[in-house]
Amino acid sequence: MADLKQQIFQELSALDETVAKLRSVAASASKQTDLEVAILTQQVKNLRDKNAQASDMINQSLAILKKLK
């Protein structure tokens, strides 16, 4: 009976360690996801800024071409 109790306590201890590791992995994954979202958000902002600049340049070019006609 004592051996059975000891085995149960060992298994519970191993389960507790596994749960702690999984929580740590989940927390790390959450931080990684937040970092990826922040990076992608910044990249989208940069692309939108570049797109706006390109659009302005195109509009200026069209205005110049219309004047040359």
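Every value quoted in this text rests on a predicted model; they were computed, and no experiment measured them. (Residues numbered from 1 in each chain as written. Predicted model: local features only at pLDDT ≥ 70, side-chain atom pairs only at ≥ 80, totals over all residues. Heavy atoms only, no water.)

**Re the pattern of salt bridges**
In a structure, side chains of opposite charge can pair up when their charged atoms sit close to one another. Taken as a whole, this structure holds one salt bridge when the rule is applied. With a closest N to O distance of 3.2 Å, Asp-49 and Lys-45 form a salt bridge. In this pair, Asp-49 and Lys-45 are both assigned in helix 1 (residues 2–68), four residues apart and thus about one turn of the helix distant. Under the relative-accessibility criterion, Lys-45 is labelled partly exposed at 44%. (Salt bridge = Lys/Arg side-chain N within 4 Å of Asp/Glu carboxyl O. Helix = DSSP H or I, 4+ residues; strand = E, 2+ residues; numbered from the N terminus. Buried < 20%, exposed > 50% of the residue type's maximum accessible area, 1.4 Å probe, protein only.)

**Digging into a nonpolar patch on the surface**
Taken together, the side chains of Met-1, Leu-4, Ile-8, Phe-9, Leu-12, Leu-15 and Val-19 make up a nonpolar region of the molecular surface, amounting to roughly 730 Å² of accessible area. Relative to the helices and strands, Val-19 is located in helix 1. (Patch = residues over 30% accessible without salt bridge, like charges linked within 9 Å, V, L, I, M, F, W, Y side chains within 5 Å. Areas by Shrake-Rupley, 256 points an atom, 1.4 Å probe, with all protein chains shown as cover.)

Such coordinate-based values are descriptive only and should not be taken to indicate function.
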